[in-house]
Amino acid sequence: MLLKKYDAFILGTYTWGDGELPDEFLDFLDEMEELELKGVVTSVFGSGDSTYRLFCGAVDELEAKLQGWGAVIAQESLKVEFGPTKEEKQLCREFGEKMVARLNVVK
Ligand SMILES: Cc1cc2nc3c(=O)[nH]c(=O)nc-3n(C[C@H](O)[C@H](O)[C@H](O)COP(=O)(O)O)c2cc1C
């Protein structure tokens with residue numbers, strides 16, 4: 001799996017059903033389960049709709065799985081309502097930058 005080539009990665013997902021990961025993410029998760037992710041630096045972002053009971057529930061689920069596999073969650077997840085606004089796009093850039101900064105400290 002390509003993820004093995006990287007020191008760190010950011011994963012993003014929208015939320016489906018009742019706060020769930022979308023079906024197209026599930027095969028990817030199965031493959032991730034086979035990897036050794038202990039100590040790997042990650043963070044998670046995603047979109048959702050706050051009228052649902054579990055806003056961006058898939059983001060929380062994914063983060064919990066990564067934590068369970070021993071990955072290091074580098075920063076609080078970024079949750080965006082629908083498509084990102086101009087301000088949120090800036091937050092997305094900062095999200096990436098913080099990840100790189102964190103990686104430079106870890107290495
Ligand atoms: C059937 C359905 C179920 C959804 N369930 C949730 C949910 O449980 N929690 C949530 O935050 N968003 C939920 N959403 C909203 C989507 O995550 C949201 O539309 C998407 O993240 C934003 O992308 P879009 O602007 O392309 O729609 C759901 C949307 C649909 C259509």
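Quantities reported herein were computed from a predicted structural model and do not represent experimental measurements.

What counts and how
- Residues numbered from 1 in each chain as written.
- Predicted model: local features only at pLDDT ≥ 70, side-chain atom pairs only at ≥ 80, totals over all residues.
- Heavy atoms only, no water.
- Helix = DSSP H or I, 4+ residues; strand = E, 2+ residues; numbered from the N terminus.
- Rg over C-alpha atoms; globule rule 2.2 N^0.38 Å.
- Buried < 20%, exposed > 50% of the residue type's maximum accessible area, 1.4 Å probe, protein only.
- Contact = heavy atoms within 4.5 Å.
- Areas by Shrake-Rupley, 256 points an atom, 1.4 Å probe, with all protein chains shown as cover.
- Lys, Arg positive; Asp, Glu negative; His and termini not counted.
- Charge placed at Lys NZ, Arg CZ, Asp CG, Glu CD.
- UniProt positions renumbered as here; feature names shortened; annotations may be inferred.
- Near = heavy atom within 4 Å.
- Polar contact = N/O pair within 3.5 Å; in protein donor to acceptor, adjacent residues only side chain to side chain.
- Salt bridge = Lys/Arg side-chain N within 4 Å of Asp/Glu carboxyl O.
- Patch = residues over 30% accessible without salt bridge, like charges linked within 9 Å, V, L, I, M, F, W, Y side chains within 5 Å.

Q: I'd love a proper account of the overall build of the chain, names of residues and values included.
A: Of the regular secondary structure elements, the chain holds three helices and four strands. In the chain, the succession of helices and strands from N to C terminus is β-α-β-α-β-β-α. Against the globule reference of 13 Å for 107 residues, the chain gives a C-alpha radius of gyration of 14 Å, in line with a compact fold. On the principal axes, the C-alpha backbone points of the chain span a range of 40 × 30 × 20 Å. By residue count, 37% of the 107 residues in the chain fall in the buried class. Put simply, of all contacts in the chain between residues at least 6 apart along the chain, 74% involve residues at least 24 apart. Counting only carbon and sulfur atoms, one obtains 53% of the accessible surface of the chain, whose full area is about 6800 Å². Charged side chains of the chain number 12 positive and 21 negative; the gap between the two group centres comes to 8 Å.

Q: So, the UniProt feature "domain: Flavodoxin-like" (unreviewed entry) in the chain: which residues are in play, and what are the values?
A: The feature "domain: Flavodoxin-like" (unreviewed entry), as annotated in UniProt, sits at residues 1–100 in this numbering. Here residues 1–100 runs as 38% helix and 21% strand, with 22 Å between its end C-alpha atoms.

Q: How would you explain the site of the ligand if you had to name every residue and give the values?
A: Around the ligand sit 15 residues, and of these Thr-15, Gly-17, Gly-19, Ser-47 and Cys-56 come closest. A distance of 2.6 Å separates an oxygen atom of the ligand from a polar atom in the side chain of Ser-47. Contact distances for the ligand include 2.8 Å between an oxygen atom and a backbone N or O atom of Cys-56.

Q: Which residues make up the pattern of salt bridges, and what are the values?
A: Under the counting rule described, the total for this entry stands at two salt bridges. A salt bridge links Asp-18 to Arg-53; its shortest N-O distance comes to 3.0 Å. One end of the pair, Asp-18, is in the loop between strand E1 (8–14) and helix H1 (23–33); the other, Arg-53, is in the loop between strand E2 (41–48) and helix H2 (57–68), and 35 residues separate them in sequence. Taking relative accessible area as the criterion, Arg-53 reaches 65% and is therefore assigned exposed. When the shortest N-O distance is used, the salt bridge between Lys-79 and Asp-60 registers 2.9 Å. Taken together, the residues Lys-79 in strand E4 (residues 78–81) and Asp-60 in helix H2 connect sequence positions 19 residues apart. Looking at Lys-79, the relative accessible area reads 29%, which means it is partly exposed.

Q: Describe a negative patch on the surface, with residues and values.
A: A cluster of like negative charges, contributed by Asp-27, Asp-30, Glu-31, Glu-33 and Glu-34, occupies part of the molecular surface. Following the sequence through the fold, Glu-31 ends up in helix H1.

Q: With reference to specific residues and values, describe unusual backbone geometry.
A: In the Ramachandran plot, Cys-56 falls in the positive-phi region, its phi being about 50 degrees despite a non-glycine side chain. Residue classification places Cys-56 among the buried positions, given a relative accessible area of 1%. A positive phi angle is found at Phe-82, which is not glycine, with a value near 55 degrees. Structurally, the position occupied by Phe-82 is in the loop between E4 and helix H3 (86–106).

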